[in-house]
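Below, each chain spelled out in residue letters.
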Amino acid sequence: MTSLDLPPEPSPLTGPLADGTEPAAIVHIVDDDDDLRRSLVFLFESVGIQALTYPDAASFLSEFDPDEPAVLIVDVRMPGTGGFQVQEVLAQRGYPAPVVFCSAHGDISMSVRAMRQGAVHFLQKPYDAQQMLDVIQEQLVEARRRFAEHAQRQAVQERVTQLTPREREVLRLVIDGMASQQIARRIGTSVKTVDVHRARIKAKTSSESLGTLVRDVLLHQVEV
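Everything quoted here is computed from the prediction, not taken from an experiment. (Residues numbered from 1 in each chain as written. Predicted model: local features only at pLDDT ≥ 70, side-chain atom pairs only at ≥ 80, totals over all residues. Heavy atoms only, no water.)

Caption draft 1: Summary view of the overall build of the chain. Across its full length, the chain holds nine helices and five strands. Across the chain, every contact between residues at least 6 apart in sequence was considered, and the portion connecting residues at least 24 apart equals 68%. As presented, the chain carries roughly 11,800 Å² of accessible surface, and 49% of it is formed by carbon and sulfur atoms. (Helix = DSSP H or I, 4+ residues; strand = E, 2+ residues; numbered from the N terminus. Contact = heavy atoms within 4.5 Å. Areas by Shrake-Rupley, 256 points an atom, 1.4 Å probe, with all protein chains shown as cover.)

Written out as structure tokens, the structure reads:
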């Protein structure tokens, strides 16, 4: 049985963020230890953090909302699918939640592997309650930032996917810094036709200008 020594008072990081808003994110706890899951939920709820629990990886992967900002706490070793495999699946899906690994049998090599795969922390069981709170409070803020950035990237990607193959080709050349005359020579058409493509790109993507579209594509690393 794993238990937590609960802190006498909430973490100093608990409460509104610097902009005055509450952390709009939850914590997903994936662990096969029933007592540990209950202890963590009690700990988080004591300071106003919402947490959802899952007894195994399959439950989490089938039930979680990928669009809801969240932090993931996952045990490295569980029956069936382990924590590292969960992280690989989420990476393939492009899920941006910060991942906190935990283990009662962790070592340096395991910690290094977790960090190389993108984990933000690796905590040993049994947890220090205050350390857990500090880590999660920090990552709730990071989750809000990551999910906002992810949503913006998806929005730009959706605008770009409305373009035809020829329009995407023209946009790529605009991103490369080419003027209409250069683009016309490159794709073997007239400058007038290129300008028509540019106008359609701007209209289809609802952009103020091609310059702002190029900025958004580069800023959010969107594939054209």
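Caption draft 2: Looking closely at helix 9 (residues 210–219). Three or more residues of helix 9 are buried, namely L210, T212, L213, V214, D216 and V217. Two residues or fewer after helix 9 comes Q221, characterised by a positive phi angle close to 55 degrees. (Buried < 20%, exposed > 50% of the residue type's maximum accessible area, 1.4 Å probe, protein only.)

Caption draft 3: Representation of the nonpolar core in the model. Of all hydrophobic cores here, the largest spans 46 residues; its most connected members are V27, F44, F60, I73, M132 and I136. With eight residues, helix 5 (residues 129–160) is the largest single contributor of residues to this core. Core analysis: the next-biggest nonpolar cluster, separate from the first, contains 19 residues, I183, A184, V194 and V214 among them. (Core = buried A, V, L, I, M, F, W, Y, C linked by side-chain atoms within 4.5 Å.)

Caption draft 4: Structural view of the packing of helix 6 (residues 165–175) against helix 8 (residues 191–204). Contact geometry of helix 6 with helix 8 gives a least axis separation of 10 Å together with a crossing angle of 95 degrees. As summarised for this structure, helix 6 and helix 8 are arranged roughly perpendicular, according to the angle between their axes. Along the contact surface, helix 6 presents R166, E167, V170, L171 and V174, while helix 8 presents H197, R198, R200, I201 and K204. When its residues are assigned to classes, the contact of helix 6 with helix 8 shows four nonpolar, one polar and five charged. (Axes fitted to C-alpha atoms, helices over the stretch in contact; angles between N-to-C directions. Parallel < 35°, antiparallel > 145°, perpendicular 65-115°, else oblique. Nonpolar A, V, L, I, M, F, W, Y, C, P; charged D, E, K, R; others polar.)

Caption draft 5: Spatial organisation of the side chain of D31. On the secondary structure map, D31 appears in the loop between strand 1 (26–30) and helix 1 (34–45). At 2.8 Å, the side chain of D31 and the side chain of K125 are in polar contact. If near-sequence neighbours (up to four positions away) are discounted, D31 is found in contact with L36, R37, Y54, P55, D75, M78, C102 and K125. (Polar contact = N/O pair within 3.5 Å; in protein donor to acceptor, adjacent residues only side chain to side chain.)

Caption draft 6: Structural context of the packing of aromatic side chains. Enumeration over the complete set of coordinates arrives at five aromatic pairs. With a centroid separation of 5.7 Å and an interplanar angle of 80 degrees, the aromatic rings of Y95 and F147 are classed as edge-to-face. Residue Y95 is located in the loop between helix 3 (83–93) and strand 4 (99–103), and its partner F147 is located in helix 5; the two are separated by 52 residues in the primary sequence. The exposure class of F147 is buried, given its relative accessible area of 7%. Of the aromatic side chains, those joined through ring pairs into one cluster are Y54, F60, F64, Y95 and F147. (Phe/Tyr/Trp six-rings, centres within 6.5 Å; stacked < 30°, edge-to-face > 60°.)

Caption draft 7: Quick peek at the side chain of T212. Structurally, the position occupied by T212 is in helix 9. The class for T212 is buried, based on a relative accessible area of 17%.

Caption draft 8: Representation of the sheet that holds strand 3 (residues 70–75). The sheet built from five strands is open, its strands ordered 2-1-3-4-5 with parallel pairing. Looking at which strands have only one partner, the edges of the open sheet turn out to be strand 2 (51–54) and strand 5 (121–124). Strand after strand, the sheet turns through a mean of 20 degrees between neighbouring axes, direction not considered. Across four bridges, strand 1 lies against strand 2 in parallel orientation. Counterpart to V27 in the pairing with strand 2 is A51. Against the sheet, helix 5 makes contact with strand 1, strand 3, strand 4 and strand 5, and its axis sits at roughly 130 degrees relative to strand 3, the strand it touches most. (Pairing = 2+ DSSP bridges.)

Caption draft 9: Spotlight on the packing of helix 5 against helix 9. Where helix 5 meets helix 9, the axes come as close as 10 Å, and the angle between the chain directions of the two elements is 125 degrees. Our classification of the angle between helix 5 and helix 9 gives oblique. In terms of crossing hand, the pair formed by helix 5 and helix 9 is left-handed. Mapping the contact onto sequence places V156, R159 and V160 in helix 5 and L213, D216 and V217 in helix 9. In terms of residue class, the contact of helix 5 with helix 9 is made up of four nonpolar, no polar and two charged. (Left-handed = near helix turned anticlockwise from the far one by under 90°.)

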